[in-house]
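In case you want the letters, here they are:
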Amino acid sequence: MLIKLNVNGEAFEVEAPAGETLVEVLRRLGFKSVKDGCYNGTCGGCTVLLDGRPVASCIMLAAQADGHSITTLEGLARGGELHPVQEAFLEVNAPQCGFCTPGMMLTAVSLLRENPNPTREEIREAIAGNTCRCSGYVSVVDAISLAAKKMSEGGNR
Amino acid sequence: MKEFRQFVVARSPEEATQLKRSIGPGALYLAGGTTFVPFVKAPVEVLIDVSRLGLSGVVVGGGKVAVGATTRIADLMVPELRDTAPMLYKAGRRLATPLVRNAATVGGNLAYAFLPSDFGVALLATGAEIEILGESARAVFIEDLLSDGWLGGDDLVSKITLAAHGRGQGTGFAKFGRGEVDIALVIGAVWLEAFGGEVRGLRIAVGQTSSMPVFLKEIADGAVGKKVTRGLIEEVSDLASGSMEPRDDYRASGDYKKNLIRVMVGRAFAEAAGEAGIKIAD
């Protein structure tokens, strides 16, 4: 079936079989930051923002996202300038192997939009669906705290 | 890639139920899909997307809380519902992870009331009324739906209505499992109405120990009129555990689950008593 998706502000029309998941279609379109990990919604590597909210794109059919807006990691930087969440992850060296990082950052962007000044506990709860097998959670929480600070001090977005 | 042959977006509840009737068992309703998409391995002829029928949203008023069937679990976790429907709030907060809660729906979770459903248990304990559309359109209390064999045919859950939380009432939701994303081993959910420290009304539901949630009506009714004490909580938990025979499976032994039933019902009862403002005496 023909599916219309708005990915990072760009309109796509893509032919997808009924059984194709959203992560499969996004990767086929070239958005390789969206990782296909567990395929059962456990690891969070496939996190994208669907109408601004983080979802696991491996347990959603592409057809379910028809007509919706999607943000992937590729959509965070604007005009070569990193998003404050990306800057913060760089500054504290939050990525280790990096597999979970795109999902972590998207979840963080959504969290900080809803709650610009989260506690460490609130951050931990928000990223509960994003598994880091390097177990580098402390630096991820540090990075999201730092991003919150950057954004409240007049950072963009 | 899943072996789903056709995906049809229903534009109205009538269209959805009519399509379901015309195709029969080969067609299945799909809401959030967070359980269905990953875990169904068999080929499916037609999926009917029921997430765009205007059945989402929460309305609080007139002493009731009405939740549209395709309301996302994440949308239950709002301060208003913490006060008016604490069981929904608590069950929502314990369901999987935020990524799943942003897609999964209340009605979808309920309709799959067999093993993975948390809301089947939570709603059974609170005594929700379930509105169903289709050829046999009806509104039915959840315990009657359970004893009638649950859902079938073209039944489409459209709305879930609860009495708004009132004074002297308390709810408890105790869930135990390997991790939050895994299917729980045992869930105990308790709704309590108390007056002067005595039980006026009690509802107990246990989940994940058999194919469907279990409503322990007689045990709960037997506690009415008694003072809420540590001893009563232990007595009720022992009776609950003693009344069930969970089977051994790869997740845990039956004996282990039996003990967990005792502990989870006890925890949920104590939580409900606390929420009802009762200081539990020995």
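Small disclaimer: the values here were computed from a predicted structure and weren't measured.

Rules and cut-offs
Residues numbered from 1 in each chain as written. Chains lettered and ligands numbered in written order. Predicted model: local features only at pLDDT ≥ 70, side-chain atom pairs only at ≥ 80, totals over all residues. Contact = placed C-beta atoms within 7 Å. Helix = DSSP H or I, 4+ residues; strand = E, 2+ residues; numbered from the N terminus. Nonpolar A, V, L, I, M, F, W, Y, C, P; charged D, E, K, R; others polar. Buried ≥ 20, exposed ≤ 12 C-beta atoms within 10 Å, placed from the backbone. Domains from an automatic or database assignment. Arc of directions from axis to C-beta. Pairing = 2+ DSSP bridges.

Draft legend 1. Quick look at the interface of chain A and chain B. If you look at the interface, chain A gives 25 residues, while chain B gives 22 residues. The element that contributes the greatest number of residues to the side of chain A that touches chain B is strand β4 (residues 53-56) of chain A, accounting for four residues. Looking at side-chain class alone, the side of chain A that touches chain B contains 13 nonpolar, nine polar and three charged residues.

Draft legend 2. Layout of the environment of K64 of chain B. Residue and element names in this part refer to chain B. Looking at the secondary structure, you find K64 in strand β5 (residues 64-68). A tally of 14 C-beta atoms within 10 Å means that K64 is categorised as partly exposed. C-alpha of K64 to C-alpha of D144: the two residues are 80 residues apart in sequence and 20 Å apart in space. What K64 contacts, discounting residues up to four positions off in sequence, is T161, L162, A163 and A164.

Draft legend 3. Spotlight on the domain arrangement of chain A. Residues and elements named next belong to chain A. On domain assignment, one finds that chain A holds domain 1 (2-75) and domain 2 (84-152). Centre-to-centre separation of domain 1 and domain 2, based on C-alpha positions: 21 Å. Opposite the 17 residues of domain 1 that make contact, domain 2 presents 12 residues. Elements with a contribution of two residues or more to the side of domain 1 that touches domain 2: β3 (47-50) and β4. Classifying every residue of the side of domain 1 that touches domain 2 by side-chain character gives eight nonpolar, seven polar and two charged.

Draft legend 4. Up close: helix α1 (residues 13-23) of chain B. Residues and elements named next belong to chain B. The complete set of buried residues in α1 reads A16, T17 and K20. End-on view of α1: buried residues confined to an arc of 90°, all on one side of the axis. Following α1 by one or two positions, G24 adopts a phi angle in the positive range, close to 85°.

Draft legend 5. Representation of the pairing of β5 of chain B. All names here are of chain B. Pairing of strand β4 (residues 58-61) with β5 involves four bridges; the strand directions are antiparallel. Following the sheet pairing, G61 is matched in β5 by K64. A loop of two residues connects β4 with β5, the two strands running antiparallel in sequence, and G62 in this loop sits at a positive phi of about 60°. As paired strands, β5 and strand β8 (residues 156-163) are joined by five bridges and run antiparallel to one another. Pairing of V67 across the sheet is with I160, part of β8.

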